[in-house]
Amino acid sequence: MSIKEFYAKIEKQFDQKLPFVVYHKANTDQLEACLQNDDMLYEAEDYATTSGFVFAPFDSVKKAITIPLDKSQYSRINIYDKIEEYKQEVSKFRKESFERTKEKQRHLGLVEKGISAINSGMLRKVVLSRREVVETVDTTNPLGLFKKLVVNYPTAFTYLWYHPKVGIWLGATPETLVYSNGIEFNTMALAGTQPYQSKMEVDWPNKELEEQEMVTEFIVKELSPISNDIVSSKTYTHRAGTLLHLRTDIKGNINSSVSGIEGVVKILHPTPAICGLPKDNAKAFILDNEGYDRKFYTGYLGEVNMGIENKESVLFVNLRCMELESNKAILYVGGGITKDSNPDREWEETVRKTETMKKVLF
């Protein structure tokens, strides 16, 4: 199959208003797609019997949507020798000026409220987010935006997801929620953000180091009852496009008599990296104070029981993403708040994070 034929199938799917997802895994030379045969909205009831691509919201009370493998056409194509075709389609990024004064004041107030909750002892950390609406955007060609994501962010998981009953989402996320072959799992703790400036050796403030330690401790502690031999790497600086993060890799064995991939996901999601600590308190604070519905932002997405013998699962945290509506793009960004947070710096961090999506919009 040629790349032209591959994209023609996806365009036809979109024209017929049938669900699909097309995606590119980090540092690979392949594009993959699942094209659903009907327009039904399928929910993932049980991951032990689910095989397909799942798309889950931030609020874990709500069910994940799935594109079932047995009700879809799965396609894969090698793009290594066609990358120049992509590069020719990438438009030059130009910075735009947006009126943000009102949104900035609202976000500063939200961060200050979060810091107060931490100082009161209610929380140790909370991840607070906002959305930015970019008007007069051409949303008729989401596939063109996806092509730009693939070129601009080869080290991220990039995707375009569509369901006529839900909407259109695109993203380029640097964070893996979990990978599992049914026996072992791999995950990561990712926290802290600063701009990449031509070098990986950087100084990290105590606020970011503390935040990273919280995330790592939570993951190891919570997974211990269902896992054997958990091992954590040293924390290191990880580059994701124009941003740097602190990252710790964590792996272990799954105790199959206690849990499977669904048990691991239930423990991890939502992680402290996108929610906070204690988890229940932080989630309640977010739902009560952010003032909007995150929907699938900071949820997760990816393959469940696909790959070799349909036993591999790989899920990603839905960061650096946007939702497309008629003539506008809704960008979702946030940051971790601790007792040492500075509201103005937290605002600037969200502004830097919007550049990931704006780079393909303009």
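Here the structure is a predicted model, which means the values were calculated and not measured.

What counts and how
Residues numbered from 1 in each chain as written. Predicted model: local features only at pLDDT ≥ 70, side-chain atom pairs only at ≥ 80, totals over all residues. Heavy atoms only, no water. Helix = DSSP H or I, 4+ residues; strand = E, 2+ residues; numbered from the N terminus. Rg over C-alpha atoms; globule rule 2.2 N^0.38 Å. Buried < 20%, exposed > 50% of the residue type's maximum accessible area, 1.4 Å probe, protein only. Contact = heavy atoms within 4.5 Å. Areas by Shrake-Rupley, 256 points an atom, 1.4 Å probe, with all protein chains shown as cover. Lys, Arg positive; Asp, Glu negative; His and termini not counted. Charge placed at Lys NZ, Arg CZ, Asp CG, Glu CD. 1 Å grid on protein atoms, 1.4 Å probe; cavity = no way out; pocket = protein on both sides within 12 Å on 5 of 7 lines; lining within 4 Å. Points joined across faces, edges and corners; volume = space filled by probe spheres on them. Nonpolar A, V, L, I, M, F, W, Y, C, P; charged D, E, K, R; others polar. Axes fitted to C-alpha atoms, helices over the stretch in contact; angles between N-to-C directions. Parallel < 35°, antiparallel > 145°, perpendicular 65-115°, else oblique. Core = buried A, V, L, I, M, F, W, Y, C linked by side-chain atoms within 4.5 Å. Expected span 1.5 Å × (residues − 1). Phe/Tyr/Trp six-rings, centres within 6.5 Å; stacked < 30°, edge-to-face > 60°. Lys NZ or Arg CZ within 6 Å of the ring centre and 35° of its normal.

Chemist: So what about the overall build of the protein? Which residues, and what values?
Modeler: In terms of regular secondary structure, the protein is built from 8 helices and 19 strands. Against the 2.2 N^0.38 benchmark of 21 Å for 362 residues, the protein shows a C-alpha radius of gyration of 20 Å, consistent with a compact globule. In the protein, buried positions account for 55% of the 362 residues. Contacts in the protein between residues far apart in sequence, at least 24 positions, make up 72% of those at least 6 positions apart. Summed over all atoms, the accessible surface of the protein reaches about 16300 Å², with 48% contributed by carbon and sulfur. Of the side-chain charges in the protein, 47 are positive and 51 negative, and the distance between the mean point of each set is 3 Å.

Chemist: Can you explain empty space enclosed by the protein? Please cite residues and give values.
Modeler: Applying the stated criterion across every chain, the model contains 1 cavity of 30 Å³ or more. By volume, the largest cavity is sized at about 250 Å³. Around the largest cavity, the lining is made up of 24 residues, and of these T193, A273, L319, R320 and K353 lie nearest the centre. When residues of the lining of the largest cavity are traced back to their parent elements, those giving at least two are β11 (184-195), α5 (206-223), β19 (328-337) and α8 (343-361). Of the residues assigned to the lining of the largest cavity, the class counts are 10 nonpolar, 7 polar and 7 charged.

Chemist: Kindly report on the packing of helix α1 (residues 3-15) against helix α4 (residues 142-152), identifying the contributing residues and their values.
Modeler: Packing of α1 against α4 leaves a shortest axis separation of 11 Å and a crossing angle of 140°. The orientation of α1 with respect to α4, classified from their angle, is oblique. Contacts between α1 and α4 involve Y7, I10, E11 and F14 from the first element and P142, L143, F146 and K147 from the second.

Chemist: How would you summarise the nonpolar core if you had to cite specific residues and measurements?
Modeler: Formed by 66 residues in total, the largest nonpolar core has its most connected members in V126, Y159, W161, W169 and V178. Every residue in contact with V126, bar those within four places of it in the chain, is listed here: G114, I118, C275, G276, A282, F285, I286, G335, G336 and I337. I3, L143, L170 and L331 belong to the second-largest nonpolar core, a separate cluster that totals 33 residues.

Chemist: Which residues make up the environment of A33, and what are the values?
Modeler: Tracing the backbone shows A33 in strand β2 (residues 30-36). Of the residues examined, A33 reaches a relative accessible area of 1% and is grouped as buried. Distance in space between the C-alpha atoms of A33 and A8 is 12 Å, their sequence separation being 25 residues. The contact partners of A33, leaving out residues within four places of it in the chain, are F6, I10, V21, V22, Y23, Q73, Y74 and S75.

Chemist: Can you tell me about α5, naming the residues and giving the values?
Modeler: Its 18 residues place the ends of α5 26 Å apart at the C-alpha level, agreeing with the 26 Å of an ideal helix rising 1.5 Å per residue. Here α5 has its buried residues at K207, E208, E211, Q212, M214, V215, T216, F218, I219 and L223.

Chemist: Could you give an account of the packing of aromatic side chains, with specific residues and numbers?
Modeler: For the structure shown, the criterion picks out 17 aromatic pairs. Consider the rings of F157 and Y159, whose centres lie 6.4 Å apart with planes at 25°: the pair is stacked. This pair shows no difference in class: F157 is buried, exactly as Y159 is. Measuring from centroid to centroid gives 6.1 Å for Y292 and Y332, while their planes differ by 35°, and the two rings are tilted. Here Y292 is found in the loop between α7 (279-289) and β16 (300-306), whereas its partner Y332 is found in strand β19, with 40 residues between them in sequence. Y332 shares its class with Y292; the two are buried. Through pairs of rings, three or more aromatic residues link up here, namely Y23, F53, F55, F157, Y159, W161, W169, Y292, F296, Y297, F316 and Y332. Directly above the ring of Y7 sits K147, whose terminal nitrogen or CZ lies 4.5 Å from the centroid. Taking NZ or CZ as reference, R239 lies 3.7 Å from the ring centre of Y196, over its face.

Chemist: Mind laying out the layout of surface pockets, listing which residues take part and the relevant values?
Modeler: As a volume, the largest pocket reaches approximately 470 Å³. In terms of lining residues, the largest pocket is bounded by 27 residues, among which T176, Y179, M188, V314 and F316 are the most central. For the lining of the largest pocket, the elements supplying multiple residues, two or more each, are β10 (176-180), β11, β12 (227-232), β14 (243-254) and β17 (312-317). Take the lining of the largest pocket: its biggest share by element is 4 residues, from β14. A per-class count over the lining of the largest pocket returns 10 nonpolar, 10 polar and 7 charged. What the second largest pocket holds in volume is close to 290 Å³. What lines the second largest pocket is a set of 15 residues, among which S60, K62, E262, K266 and Y300 lie closest to the centre. In terms of residue class, the lining of the second largest pocket is made up of 7 nonpolar, 2 polar and 6 charged.

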